[in-house]
Amino acid sequence: MTDAQYTTLPQWPNAYPASGASATLKRLNEDFVVTELPLQLPSGEGEHIWLDIEKNGANTAFVAQQLADAAGVQERDVGYAGLKDRYAITRQWFSIYFPKGETPDLTQLQHPEFKVLSQSRHVKKLRPGDLQGNRFRIVLRDVTGDRDALETSLKAVESQGVPNYFGAQRFGFDGGNVEQGRAMLAREIRVRNPKKKGIYLSAVRSFVFNEVLALRIQQGLWGQTLPGDVMDPAGGPTGPLWGRGRVSTTDQAQALENGVAERHASLCDGMEHAGLDQDRRALVAMPVDMSWEWPQADQLLLTFSLPAGNYATSVLNEILLTTEPDRHTENEPAAVE
């Protein structure tokens, strides 16, 4: 792949044969319900106010700004574990650093797009990744296709998991964050905003991981362990999150990963010089407590949980083709599940 081709994301392969089915996703916000599974609950005392919030039609950064304004603090004093979809109903925790003064009752805050369900004190700020995972309740409408083929796909996903790809949200509109990241690492552009710099680095790193996973699937290696693989705590193979140092795999697994790194040398070299360290990520995402039912002949209700950092879109992509209403705004922050 040449640098110019980073302007378009590749079509990364699926693990299972296509069901041939299609459906509409997120026609209504209530069709996509996400409940955050926290690592811990607030203790009742400490310098931070923790808020359990349900939002409907708002993105996480917007809610954080509203909370900062309501509490009279800087936006940097507001924390959250992950970005959640705007076009959905999502429940997640926020924290506000508020060590002194009378605690404001933010449960009285009135806003059409979110409500504060409860608040309590805690000793620490919420930071990105401070969650166990997310529980999803997804309604797919206008389902067309063979139901037997769909059921086969659902059962395969339930029993064997799905490729743990980073979702399209990670790469920005039309994958543009990857090209911006390449240009930044090549010093063709200067990015002063630390948040934007982090977004571009994350997109580039995620892209290389997806390329490794895609190559394994293309080579017929889905569901297999290679000689030299590094395993995760659950006993499954992992892929590289690129950075300084040698990949920790050996033998065949290392050769495959280094081959991908050579194809994307400008990205991998740039990440090493940007100060990122090598890390690993599971190649398989395994939905937990997955179930489904058919409320109507053309409507599929799907529920499951995923660990932090896994994407619901990776599950849906292995089951059927989905389309969403066209409502994109180019400055919309990417959701991270």
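**Description of the overall build of the chain**
On a plain count of helices and strands, the chain comes out with seven helices and 14 strands. On C-alpha atoms alone, the chain measures out to a radius of gyration of 21 Å, which is about the 20 Å that the 2.2 N^0.38 rule sets for 337 residues. On the principal axes, the C-alpha backbone points of the chain span a range of 60 × 55 × 35 Å. Split into buried and exposed, the 337 residues of the chain put 49% on the buried side. Partitioning the intrachain contacts of the chain with sequence separation of at least 6 by distance along the chain shows that 80% fall at a separation of at least 24. Looking at the chain, you have 34 positive and 43 negative side-chain charges, and the mean spots of the two groups are 5 Å apart.

**Considerations on the environment of Ser43**
With respect to the element layout, Ser43 can be found in the loop between strand S2 (32-38) and strand S3 (48-56). The exposure class assigned to Ser43 is partly exposed, which follows from its relative accessible area of 47%. Taking the C-alpha atoms as reference points, Ser43 and Gln65, separated by 22 residues in sequence, lie 24 Å from one another. In this structure Ser43 touches Arg121, His122 and Val123, once residues within four positions along its chain are discounted.

**Concerning the packing of helix H4 (residues 194-218) against helix H6 (residues 265-273)**
If you want to describe how two helices pack, look at the angle between their axes and the distance between the axes. Where H4 meets H6, the closest approach of the two axes is 10 Å, and the angle between their N-to-C directions is 130°. Here H6 runs oblique to H4, going by the angle between their axes. Here the hand of the crossing between H4 and H6 comes out left-handed. Every residue of H6 that contacts H4 at Val204, Arg205, Phe207 and Val208 is listed here: Leu267, Cys268 and Met271. The class makeup of the residues in the contact of H4 with H6 is six nonpolar, no polar and one charged.

**So, the pattern of salt bridges**
Going through the model one piece at a time under the given rule, you end up with 13 salt bridges. With a closest N to O distance of 2.2 Å, Arg27 and Asp142 form a salt bridge. With Arg27 in the loop between strand S1 (22-25) and S2 and Asp142 in strand S7 (residues 131-144), this pair connects stretches of sequence that are 115 residues apart. Under the relative-accessibility criterion, Asp142 is labelled partly exposed at 31%. Taken together, the shared-partner salt bridges in this structure form one network comprising Glu179, Arg182 and Glu188.

**A look at the pairing of S1**
As judged from the three bridges shared by S1 and strand S14 (residues 321-323), these two strands associate in the parallel manner. Each bridged residue has a counterpart across the sheet, and for Thr24 the counterpart in S14 is Thr323. Pairing between S1 and S7: three bridges, direction antiparallel. Looking at S7, one finds that Ser22 is bridged to Thr144.

**Observations concerning the confidence of the model for the chain**
Per-residue confidence for the chain gives a mean pLDDT of 93, with 96% of residues at or over 70. Of the regions scoring below 50 in pLDDT, residues 329-334 engages in six contacts with residues more than four places distant in sequence or in other chains.

**Details of the packing of helix H3 (residues 176-185) against H4**
Where H3 meets H4, the closest approach of the two axes is 8 Å, and the angle between their N-to-C directions is 105°. On the basis of their axis angle, the class for H3 and H4 is roughly perpendicular. On H4, the residues touching Asn177, Val178, Gln180, Gly181, Arg182, Met184 and Leu185 of H3 are Lys197, Ile199, Tyr200, Leu201, Ala203, Val204 and Phe207. Class assignment for the residues of the contact of H3 with H4 results in nine nonpolar, three polar and two charged.

**Quick look at the nonpolar core**
By size, the foremost hydrophobic cluster in this structure holds 66 residues, and its most contacted members are Ile138, Leu140, Phe304 and Ile319. Counting 18 residues, the second-largest nonpolar core is a separate cluster that includes Ile49, Ala64, Phe94 and Leu106.

**Some details on H3**
An α-helix turns once per 3.6 residues; consequently, residues spaced three or four apart project the same way. Across the 10 residues of H3, eight count as buried, placing the element largely inside the fold. Buried within H3 are the following residues: Asn177, Val178, Glu179, Gly181, Arg182, Ala183, Met184 and Leu185. In this structure, the buried side of H3 is in contact with H4 and H6. Arg187, located one to two residues past H3, shows a positive phi value of around 60°.

**Focus: the packing of aromatic side chains**
Overall, the coordinates contain 11 aromatic pairs when judged by the stated rule. When the ring of Tyr6 is compared with that of Phe207, the centres are 5.4 Å apart and the planes differ by 80°; the resulting orientation is edge-to-face. Taken together, the positions of Tyr6 in the segment before S1 and Phe207 in helix H4 put the pair 201 residues apart, joining distant regions of the chain. Just as Tyr6 is buried, Phe207 falls in that class too. With 5.7 Å between their ring centres and 65° between their planes, Tyr80 and Phe94 make a pair best called edge-to-face. Pair noted here: Tyr80 is in strand S4 (residues 78-80) and Phe94 is in strand S5 (residues 89-97), with a separation of 14 residues, a long-range link. When its relative accessible area of 0% is taken as the criterion, Phe94 is described as buried. What links up through ring pairs into an aromatic cluster is the set Tyr6, Trp12, Tyr165, Phe171 and Phe207.

About the criteria used
- Residues numbered from 1 in each chain as written.
- Predicted model: local features only at pLDDT ≥ 70, side-chain atom pairs only at ≥ 80, totals over all residues.
- Heavy atoms only, no water.
- Helix = DSSP H or I, 4+ residues; strand = E, 2+ residues; numbered from the N terminus.
- Rg over C-alpha atoms; globule rule 2.2 N^0.38 Å.
- Buried < 20%, exposed > 50% of the residue type's maximum accessible area, 1.4 Å probe, protein only.
- Contact = heavy atoms within 4.5 Å.
- Lys, Arg positive; Asp, Glu negative; His and termini not counted.
- Charge placed at Lys NZ, Arg CZ, Asp CG, Glu CD.
- Axes fitted to C-alpha atoms, helices over the stretch in contact; angles between N-to-C directions.
- Parallel < 35°, antiparallel > 145°, perpendicular 65-115°, else oblique.
- Left-handed = near helix turned anticlockwise from the far one by under 90°.
- Nonpolar A, V, L, I, M, F, W, Y, C, P; charged D, E, K, R; others polar.
- Salt bridge = Lys/Arg side-chain N within 4 Å of Asp/Glu carboxyl O.
- Pairing = 2+ DSSP bridges.
- pLDDT = per-residue confidence, 0-100.
- Core = buried A, V, L, I, M, F, W, Y, C linked by side-chain atoms within 4.5 Å.
- Phe/Tyr/Trp six-rings, centres within 6.5 Å; stacked < 30°, edge-to-face > 60°.

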